[in-house]
Amino acid sequence: MNHTKGAQSIGFAESPFLVSSGSVVGKKESEGPLGKKFDMISKDDLFGEETWEAAEGVMQKKACGLALNKASMQPEQVRFLFGGDLLRQGIATSMGVEALQIPMFGLFGACSTSGEALALAAMSVAAGYGDYMLAVTSSHFGSAEKEFRFPLGYANQRPLSATWTVTGSGAFLVGKKKSHVRISGVTIGKIVDYGLKDSQNMGACMAPAACDTIVQNLEDFGRQESDYDRIITGDLGYVGQSILFDLIRKKGRDIKDNHMDCGMVIFDQKTQNTNAGGSGCGCAATTLSAYILPKLESGEWKRILFVPTGALMSTVSFNEGESVPGIAHGIVLEHC
Amino acid sequence: MEDKQKKQEAYEKYVKEKTPVHKLVPNMAKAFVTGGVICVIGQVILNYCEKIGLDKDTSGGWTSLILVLLSVILTGLNIYPQIANWGGAGALVPITGFANSVAAPAIEYKKEGQVFGIGCKIFTIAGPVILYGIFTSWLLGLIYWIGMCIGIV
């Protein structure tokens, strides 16, 4: 059976279901526009732990637990876990999922990891390698600032193009059990690098990758922009969105009417001092779980294209004068 | 190859036009007020020290010491970053900004241990300032010495 579509996509002959999901966020996210929709919030950003890294691990564990609970399933019933985060060696994932004892693949796709994990989980189920797969990802403001920018207490002024890393984790159970959302196809993104070297303007670094994946998805599936109720990017933010619109228009397409960006809905830019919007693996993952999936489940949206975007930044290569490459993966989600 | 570079430059230019930046005049005004307030506090301490009879050098020492202490305490309470978020360079340039840049890593990396955490990383931000500050003063000293030798200073 041939599942391949076009150059970079897969259309599943028998689409796996997105059975259930779980979202866990920190204090600032709980005070944002989506605050009440998340499954679990913690007013303590350390989640009772000593370090940011351990706290991020706890979020992943809780998110996985929530997803499993909602489907009334045990970790032993899950064949493989696909997980990743922003930190070196994916340490938050290792600490977080250790207790579950599910055979796992550690992923790195920067903030696009939720897409990477969902694609691999869906492919594994569709290929018959197991009945259930877990996809999980997270980011934490504290650990990300420490790893990529400055210690939290350091006094500096953030540029308006900078984004605010979401403290949150989202987990998704993909499998054969019927639900109201299916993953009908995926488009795997390429590394797209327009040579930008501004790590404080991630939106502009990632927009070309988002454009590439969206256009490729439409071509591969022979669809129009309007065939999707929403085309949802992960964390381009306000700056990245306006660049994406321009880039897409140059390709002869227009997504202005049905585009949404998770980074722009998770925080209130005016009152939360988040400048260009939210970012991080947790941004797209928690928004998908708490805001997008319910709309698909109810049938308010019939079909969407979920495109988490990643800026593959390394602090080492950045200091060595290299640019920040971008990547984006497309996941087609349909109501059923 | 050249074509790619041209494309990169064009994109960089386009992104620059698209990206909003902080407004210069209000930002300068905020920096002026913030830096000014810190300097006024310093002046008050200095005047007080001189009033109670300390000599000029000792008064200056106490002024720096108290400002540094205040900055470190405000960093620990997470108030100093908020001041800098509003006041920008007005909070970064005075000695209080320097104190913050040392205190912040100390707090953040404490969990990685006294040696590899605080010890190795306390000067991650202030290090370059210290290194090149000392180097520049050495260079100026050398020029001054040469000037003395040939009799122009």
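- As annotated in an unreviewed UniProt entry, chain B is SpoVA/SpoVAEb family sporulation membrane protein from Bariatricus massiliensis.

- Chain A goes by Stage V sporulation protein AD in an unreviewed UniProt entry, where it is assigned to Bariatricus massiliensis.

1. Points about the domain arrangement of chain A
Residue and element names in this part refer to chain A.
- For chain A, the assigned domains read domain 1 (4-175) and domain 2 (181-335).
- Each of domain 1 and domain 2 has a C-alpha centre, and the two are 17 Å apart.
- Contacts between the two partners involve 55 residues from domain 1, matched on the other side by 60 residues from domain 2.
- Broken down by secondary-structure element, the contributors of at least two residues to the side of domain 1 that touches domain 2 are β2 (9-11), β3 (17-25), α1 (27-30), α4 (113-126), β7 (132-139), α5 (141-148), β8 (164-165) and β9 (168-175).
- For the side of domain 1 that touches domain 2, the element with the most residues is α4, which contributes seven residues.
- Here the side of domain 1 that touches domain 2 is composed, by residue class, of 24 nonpolar, 24 polar and seven charged.

2. What to know about unusual backbone geometry
All names here are of chain A.
- With a phi close to 50°, Ser72 is a non-glycine residue in the positive phi region.
- Mapped onto the fold, Ser72 is located in the loop between α2 (52-70) and β5 (80-84).
- For Ser72, a count of 9 C-beta atoms within 10 Å gives the class exposed.
- With a phi angle near 50°, Asn275 is a residue other than glycine that sits in the positive phi range.

3. Some thoughts on the interface of chain A and chain B
- On the chain B side, the residues contacting the 21 residues of chain A number 29 residues.
- The leading source of residues in the side of chain A that touches chain B is helix α7 (residues 237-250) of chain A, at three residues.
- Classifying every residue of the side of chain A that touches chain B gives eleven nonpolar, eight polar and two charged.

4. Details of the domain arrangement of chain B
All names here are of chain B.
- Domain parsing of chain B yields domain 1 (2-122) and domain 2 (124-153).
- Computed over C-alpha atoms only, the centres of domain 1 and domain 2 are separated by 24 Å.
- At the junction of the two partners, domain 1 supplies five residues and domain 2 supplies four residues.
- When grouped by side-chain class, the residues that make up the side of domain 1 that touches domain 2 number three nonpolar, one polar and one charged.

5. Some thoughts on the packing of α2(A) against α5(A)
Residue and element names in this part refer to chain A.
- Close contact between α2 and α5 brings their axes to 8 Å; oriented N to C, the two are set at 135°. Judged by the angle between their axes, α2 and α5 are oblique. Handedness of the crossing formed by α2 with α5: left-handed. Contacts between α2 and α5 involve Trp52, Glu53 and Glu56 on the former and, on the latter, Gly142, Ser143 and Lys146.
- Residue composition of the contact of α2 with α5, by class: one nonpolar, two polar and three charged.

6. Some thoughts on the pairing of β9(A)
All names here are of chain A.
- When you tally the buried positions in β9, you get eight out of eight residues, the bulk of the element.
- Burial along β9 is two-sided: Gly168, Gly170, Phe172 and Val174 facing one way and Ser169, Ala171, Leu173 and Gly175 facing the other are all buried.
- Pairing geometry for β3 and β9, over eight bridges, is antiparallel. Bridge pairing in β9 places Val24 opposite Ser169.

Each value, and the rule that gives it
- Residues numbered from 1 in each chain as written.
- Chains lettered and ligands numbered in written order.
- Predicted model: local features only at pLDDT ≥ 70, side-chain atom pairs only at ≥ 80, totals over all residues.
- Domains from an automatic or database assignment.
- Contact = placed C-beta atoms within 7 Å.
- Helix = DSSP H or I, 4+ residues; strand = E, 2+ residues; numbered from the N terminus.
- Nonpolar A, V, L, I, M, F, W, Y, C, P; charged D, E, K, R; others polar.
- Buried ≥ 20, exposed ≤ 12 C-beta atoms within 10 Å, placed from the backbone.
- Axes fitted to C-alpha atoms, helices over the stretch in contact; angles between N-to-C directions.
- Parallel < 35°, antiparallel > 145°, perpendicular 65-115°, else oblique.
- Left-handed = near helix turned anticlockwise from the far one by under 90°.
- Pairing = 2+ DSSP bridges.

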